[in-house]
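The residues making up each chain are set out below.
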Amino acid sequence: SSWLECRRRAVDGLEGSQAMIKSILVVNNQGKARLARFYYEVPVDKQKHILNSLFRIVSRRSDDTCCCFAQDDSLFGPDHKIIYRHFATLYFIFVADSAESELGVLDLIQVFVQVLDSCFENVCELDLIYHFDRVNYILDEIVMAGMVLETNADLVVQAIKETKKLETEGASMIPGFG
């Protein structure tokens, strides 16, 4: 689907009652945010509270527990779900409204990590720190304005490679670059 169609779906989703992702957080084992994206208006102090609370919830759970779903009505109300995965030193935490499929979001986390692994050859925490611009771009290819745009990891990787190629070609046209 075209970019305009995806944008229209995202905007319509904000106004309608479609399923929506409310926030995406990537947090290390010490609770430091390596990526924080909120798709609704949240004051900075509340963002910090949400981050700390979510980290407390997911970090207390054993990795041997098969359940990657949690809920905290005091943080988001009864209409929200917390879906997360713990990979090595990073927690990938998505908060979605109740209309969003938990298994669909779990798959989306897997797609995000798979694309990061493809782009950074075994992604690690330092990649998220030093290449935050690329990480945000990758996330924008998958989710925009809280709406899921793409769930096929191969298509996302292909779009990123095409963009990188255009950037390289553009830089070689400028004197002094490339």
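The sections below set out a description of the structure shown in this document. Model, not experiment: these values are computed from the prediction.

## Some words on the pairing of strand β4 (residues 80-87)
By the bridge criterion, two bridges tie strand β3 (residues 69-70) to β4 in an arrangement that is antiparallel. Bridging across to β4, A70 finds its partner in I82. Sheet topology note: the β4/strand β5 (residues 90-97) ladder contains eight bridges and is antiparallel. Residue pairing across strands places H80 opposite D97, the latter belonging to β5. Connecting the antiparallel pair β4 and β5 is a turn made up of two residues, with A88 showing a positive phi of about 50°.

## What to know about the packing of helix α4 (residues 102-120) against helix α6 (residues 132-142)
The description of two helices packed together rests on the angle between their axes and the distance between the axes. Across the interface, α4 lies against α6 with an axial gap of 11 Å and an inter-helix angle of 140°. As the angle between them shows, α4 and α6 are arranged oblique. Of the two elements, α4 crosses α6, and the hand of that crossing is right-handed. Here L108, V111, F112, V115, L116, C119 and F120 of α4 come into contact with α6, specifically with R134, V135, I138, L139 and I142. In terms of residue class, the contact of α4 with α6 is built from 11 nonpolar, no polar and one charged.

Thresholds applied
Residues numbered from 1 in each chain as written. Predicted model: local features only at pLDDT ≥ 70, side-chain atom pairs only at ≥ 80, totals over all residues. Heavy atoms only, no water. Pairing = 2+ DSSP bridges. Helix = DSSP H or I, 4+ residues; strand = E, 2+ residues; numbered from the N terminus. Axes fitted to C-alpha atoms, helices over the stretch in contact; angles between N-to-C directions. Parallel < 35°, antiparallel > 145°, perpendicular 65-115°, else oblique. Left-handed = near helix turned anticlockwise from the far one by under 90°. Contact = heavy atoms within 4.5 Å. Nonpolar A, V, L, I, M, F, W, Y, C, P; charged D, E, K, R; others polar.

By themselves these figures say nothing about function.
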